[in-house]
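Structure assessment
Given next are the chains, with one letter for each unit.
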Amino acid sequence: MLHVQELVKVYSQRRVVDTVSFSLRPGTVTAFLGPNGAGKSTTLRMICGLTTPTSGTATIAGRRFGEWPNPAHVAGVLLDASAVHPGRTGRHHLLNAAKLMRLPAARVDQVLGQVGLSDAANRRIGKYSLGMRQRLGIAQALLCDPPVLILDEPINGLDPDGIRSTRQLLRGYAQRGGTVLLSSHVLSEVDQTADRVVMIGQGRVVADGPLESFAGPARTLIRTADLPRLTSALHNARLELRQTSADGVSVAAPMKQVSDLAFAARVQVLELREEQQNLEELFFRLTGGAR
Ligand SMILES: Nc1ncnc2c1ncn2[C@@H]1O[C@H](COP(=O)(O)OP(=O)(O)OP(=O)(O)O)[C@@H](O)[C@H]1O
């Protein structure tokens, strides 16, 4: 459905995108993940025909995106959620887009409902939060009900409710056979949304695989009123640990195991939670520390 083949972009003699290749199948959500400046947006812009590749090709359903007579029917794109007129209302903005695409006004209300913006539809975009603009951008990408969605950092700026509903929306879209490519620089943003991760660093794909293959060994953060007693119990269980604060340690074990050990050691637990996977650490692990 979407094929990226050896895409290269050189700016000022620097390869900001360096021989990037991947193919996406219908029915999947793929996260294009990498630190700031890794080359994600440039790759997405090349896929959408907004930036000319130095070499390589990107096709959607067999043709370059810009070669399709009605590209919005082939792929819905959200690259910059701030590129909207602040004086217009959300509904007005989408009605204009719908008119250009010869879609009925009723479709606008459908997509506004899909992204949870019905109540804010008649407010000026200038009064929208970043998260609301992101959702408006997703609504616009959905207007023609295209088989492919390409979204640059769509979860950035969303509140927890917005993240949850966007996840459900994208998962549902993929379950109905859609193909989603979304970029992010935060692993935890995409870990419940994506099936697959293509990770990019310094313009190169450094890893590509199912999401599960990216999860490192589970770690748990625990804070306690009696750290010496807890660390002694953790050492006895032969667990690797590192101190993170005056009263806390990070333990290389699942939360249940750490909780059981703390209980058995009879220490008072002040905080217990799974440690968030750190993208920088993950990136180092995947690249063998070479940057
Ligand atoms: N038009 C341009 N001219 C020169 N350099 C550019 C241009 N566009 C992007 N770059 C550079 O290319 C590199 C990759 O940028 P890109 O925006 O693709 O990264 P990104 O992974 O999307 O990062 P971010 O998450 O910060 O947007 C950066 O070093 C950026 O400064």
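Because the structure is predicted, anything quoted here is derived from the model rather than measured. (Residues numbered from 1 in each chain as written. Predicted model: local features only at pLDDT ≥ 70, side-chain atom pairs only at ≥ 80, totals over all residues. Heavy atoms only, no water.)

**Quick notes on the packing of helix α4 (residues 105-114) against helix α5 (residues 130-142)**
For the pair α4 and α5, the least separation of the axes is 9 Å and the interaxial angle reads 135 degrees. Here α4 lies oblique to α5, going by the angle between them. For α4 against α5, the interelement crossing comes out right-handed. Touching R107, V111, L112 and Q114 of α4 are L136, A139 and L142, all from α5. For the contact of α4 with α5, the residue count by class is 5 nonpolar, 1 polar and 1 charged. (Axes fitted to C-alpha atoms, helices over the stretch in contact; angles between N-to-C directions. Helix = DSSP H or I, 4+ residues; strand = E, 2+ residues; numbered from the N terminus. Parallel < 35°, antiparallel > 145°, perpendicular 65-115°, else oblique. Left-handed = near helix turned anticlockwise from the far one by under 90°. Contact = heavy atoms within 4.5 Å. Nonpolar A, V, L, I, M, F, W, Y, C, P; charged D, E, K, R; others polar.)

**A short note on the nonpolar core**
If you look at the biggest cluster of nonpolar residues, it comprises 44 residues, and the most contacted ones within it are L94, L117, L142, L149 and L182. Residue contributions to this core peak at 6 residues, all from α5. Look past the residues within four positions of L149 in its chain and what remains in contact with it is G76, A141, L142, L170, Y173, T179, V180 and L181. Of all hydrophobic cores here, the second largest spans 25 residues; its members include V4, L44, V74 and V198. (Core = buried A, V, L, I, M, F, W, Y, C linked by side-chain atoms within 4.5 Å. Buried < 20%, exposed > 50% of the residue type's maximum accessible area, 1.4 Å probe, protein only.)

**Remarks on the side chain of R219**
For R219, the position within the fold is in the loop between β9 (204-210) and β10 (220-224). A polar contact of 2.8 Å, which involves the side chain of R219, links it to the side chain of E240. (Polar contact = N/O pair within 3.5 Å; in protein donor to acceptor, adjacent residues only side chain to side chain.)

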